[in-house]
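# Observations on the model geometry
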Amino acid sequence: MAADSRIMKGRKEERMRKNYTREDIIQLVEDEDVEFIRLQFTDIFGNLKNMAITASQLEKALNNECMFDGSSIEGFARIEESDMYLHPDFSTWEIFPWRPQQGKVARLICDVYRPNGQPFEGDPRYILKRALQEADKLGYTFEVGPECEFFLFNTDENAMPTTITHEKAGYFDLGPMDFGENARRDMVLTLEDMGFEIEASHHEVAPAQHEIDFRYDEALATADNIMTFKLAVKTIARRHGLHATFMPKPKFGVNGSGMHINMSLSKDGRNIFADEKDPLGLSKEAYCFIGGIMKHMKGMTAITNPLVNSYKRLVPGYEAPVYIAWSATNRSPLIRIPASRGNATRIELRCPDPSANPYLALAVCLRAGLDGIVNHIMPPESVDCNIFRMTEEEKRSGGIEEIPGTLIEAVYSMEADAFIREVLGDHVYRRYIKAKKQEWHQYRMQVTDWEINAYLNNV
């Protein structure tokens, strides 16, 4: 146990020491026999993109001289303003442990810049950085711990994904009932090789559903880690002949996958959400942070739950939150205050799902919470009973509203909240709304099996 503790401590210290210089990375490429470097960035819809270069082009990349066509990336730029440059963040250097040991492959996460040297306003990483600057002005550090759920399904004879699974395992079950146990173990070991500190992994409620939780970190590092996590999980799943999907609700009749976001603010190393004198152990800042999120939740939902499919998860009966309320004692509201207090005090937002762009999701959560603190927005009384068992009259009298029920409702709510537009900036705001309206339009033109079964013979 002592040896294990030393190993984990060493990994944690290594993770915290990644203040690489340009010269460090050049030396690492030579010492580790790295042949390819992937320059990664994320589009506004949360899709990971990359440009691969060989080691011979490394110095060019480190000098911020690698250019790409931004008009080819959906939501980025028009063709007449398409030249974009990738500026690697040296602290994100990582060698992929699943690639060959000779001619290794590494990655650097990049910020996107315009040719004039200005950050590109459509870069989600820049939008989160801008939100973090607002927190920094107030002296705050924003720390986040995500809970990422996913499904592992069989693939067909052509290695294409299906929604088929033959297992019947449930919450916290283990092998032999849990058919994905070996794959999940390899995912955990791979992530630890990449510097993650894995706190827990387990089978989730639905058959073939899994969760791996990694340690909280400052928000930008957490958003980077979520993107890396999804890539690693998908890669290791494929090695086991499985398909990992972060689709929120891939199967009818079972729980969907969420990505609960646990948030805290610290100032001078102290968690400002904690106040031992309060009956719930919460500070005024914590209450106002909750109030800000509740105020803007409807406008945020198109970001935290960005797909048509996201709203198939957000229905009563499957543990996902539907009502805009908070509690420190039960799990049915949108916002929960976990039991830990003192320096571990945190606010858990339970509606986001893993299809969300983590940079944008964390940006709107932080800015909404800060709006609550700056403008002293106190939340309504907590709802400490099971909301799903309340009558409609009880919910109305308590002022309990629902989050949007469909993607188009969420988009309309986003358009109605000028604050969200300010957080995202006009560039992303306009392109995001246009794309989501197109997605809804394509969806509503479809004729589903449910409609055929319900109406064809009876109408």
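Note that this is a predicted model, so its numbers are computed, not measured. Counting of residues starts from 1 at the beginning of each chain's written sequence and follows it residue by residue. Where totals are concerned, whole chains, interfaces and linings use all residues; where local detail is concerned, this predicted model gives features only for residues with pLDDT of at least 70, and gives and counts side-chain atom pairs only at 80 or more. Only hydrogens and water are set aside when side-chain values are computed; all heavy atoms of the structure are taken into account.

On the surface, a cluster of nonpolar side chains totalling about 310 Å² of accessible area is made up of Val-447, Ile-452 and Leu-456. Here a strand is any run of E in DSSP of at least two residues, a helix any run of H or I of at least four, and the numbering for each starts at the N terminus. Considering the arrangement of structural elements, one finds Ile-452 in helix α14 (residues 449–455). Exposure above 30% relative accessible area and no salt bridge define the residues that can form patches, which grow by joining like charges within 9 Å and nonpolar side chains of Val, Leu, Ile, Met, Phe, Trp and Tyr within 5 Å. Every accessible area reported is derived by Shrake-Rupley at a probe size of 1.4 Å, with residue values counting cover from the shown protein chains alone. Each salt bridge in this description consists of a side-chain nitrogen of Lys or Arg and a carboxyl oxygen of Asp or Glu lying within 4 Å of one another.

When two rings of Phe, Tyr or Trp (its six-membered ring) have centres within 6.5 Å they constitute a pair, described as stacked for plane angles under 30 degrees, edge-to-face for angles over 60, and tilted for the intermediate range. Taken as a whole and assessed by the stated rule, the structure comprises 15 aromatic pairs. When the centroid spacing of 6.3 Å and the interplanar angle of 70° are considered together, the rings of Phe-150 and Phe-229 count as edge-to-face. Note that Phe-150 is positioned in strand β7 (residues 141–154) and Phe-229 in helix α6 (residues 219–239), a separation of 79 residues in sequence. Here Phe-150 matches Phe-229 in class, with each residue buried. Considering the side-chain rings of Trp-440 and Tyr-443, the 5.3 Å spacing of their centres and the 50° angle between planes classify their relative orientation as tilted. Placement of the pair is Trp-440 and Tyr-443 together in helix α13 (residues 426–444), with a separation of three residues, close to one helical turn. A 1.4 Å probe rolled over the protein chains alone gives each residue an accessible area, and that area as a share of the maximum for its type sets the label: buried under 20%, exposed over 50%, partly exposed in between.

Mapping Thr-92 onto the fold places it in the loop between β4 (83–88) and β5 (94–95). Residue Thr-92 is classed as buried on the basis of its relative accessible area, which comes to 7%. Residue contacts follow a heavy-atom distance rule, with two residues in contact if any of their heavy atoms lie within 4.5 Å. Dropping the residues within four chain positions of it, Thr-92 is found in contact with Arg-107, Leu-108, Ile-109, Arg-125 and Asp-224. For Thr-92, the side chain forms a polar contact with the main-chain oxygen of Asp-89, separated by 2.7 Å. Here a polar contact is taken to be a pair of N or O atoms separated by no more than 3.5 Å, where protein atoms must pair a possible hydrogen donor with a possible acceptor and residues adjacent in sequence count only if both atoms sit in side chains.

Positive phi is not limited to glycine here, since Asp-33 has a value of about 55°. Along the polypeptide, Asp-33 turns up in the loop between α2 (22–31) and β1 (34–42). Residue classification places Asp-33 among the partly exposed residues on the basis of a relative accessible area of 37%. Backbone geometry places Ala-208, a non-glycine residue, at a positive phi of 75°. Position of Ala-208 relative to the elements: it lies in the loop between β8 (198–203) and β9 (209–214). Given the relative accessible area of 1%, Ala-208 is considered buried.

Alternating positions in strand β3 (residues 66–69) separate cleanly, Cys-66 and Phe-68 being buried on one face and Met-67 and Asp-69 remaining unburied on the opposite face. Whether two strands pair depends on DSSP finding at least two bridges between them. In this sheet, β4 lies alongside β3 in antiparallel orientation, the contact comprising four bridges. Bridge pairing in β4 places Asp-69 opposite Asp-83.

Looking now at the packing of helix α4 (residues 124–137) against α6. Working convention: axes come from line fits to C-alpha atoms, limited for helices to the stretch in contact. Angles between N-to-C directions cover 0 to 180 degrees. With their axes 10 Å apart at the nearest point, α4 and α6 run at an angle of 155° to one another. With respect to α6, the element α4 is oriented roughly antiparallel. Crossing hand, α4 versus α6: right-handed. On α6, the residues that touch Arg-125, Leu-128, Lys-129 and Leu-132 of α4 are Ala-219, Leu-220, Ala-223 and Asp-224. Here is the rule for angles: anything less than 35 degrees is roughly parallel, anything more than 145 is roughly antiparallel, 65 through 115 is roughly perpendicular, and the remaining ranges are oblique. The hand of a helix crossing depends on one turn: near helix anticlockwise from the far one by less than a right angle means left-handed, and clockwise means right-handed.

Among buried residues, the Ala, Val, Leu, Ile, Met, Phe, Trp, Tyr and Cys ones that are joined through side-chain atoms within 4.5 Å form a nonpolar core. Counting residues in each nonpolar core, the largest one holds 97 residues, and the members touching the most others are Phe-142, Phe-229, Leu-265, Ile-335 and Leu-349. The residues touching Leu-349, leaving out its near neighbours within four places in the chain, are His-260, Ile-261, Met-263, Ile-293, Met-297, Met-300, Leu-334, Ile-335 and Cys-365. Counting 21 residues, the second largest nonpolar core, distinct from the first, contains Ile-25, Val-29, Ile-53 and Cys-66.

By themselves, these figures tell us nothing about what the structure is for.
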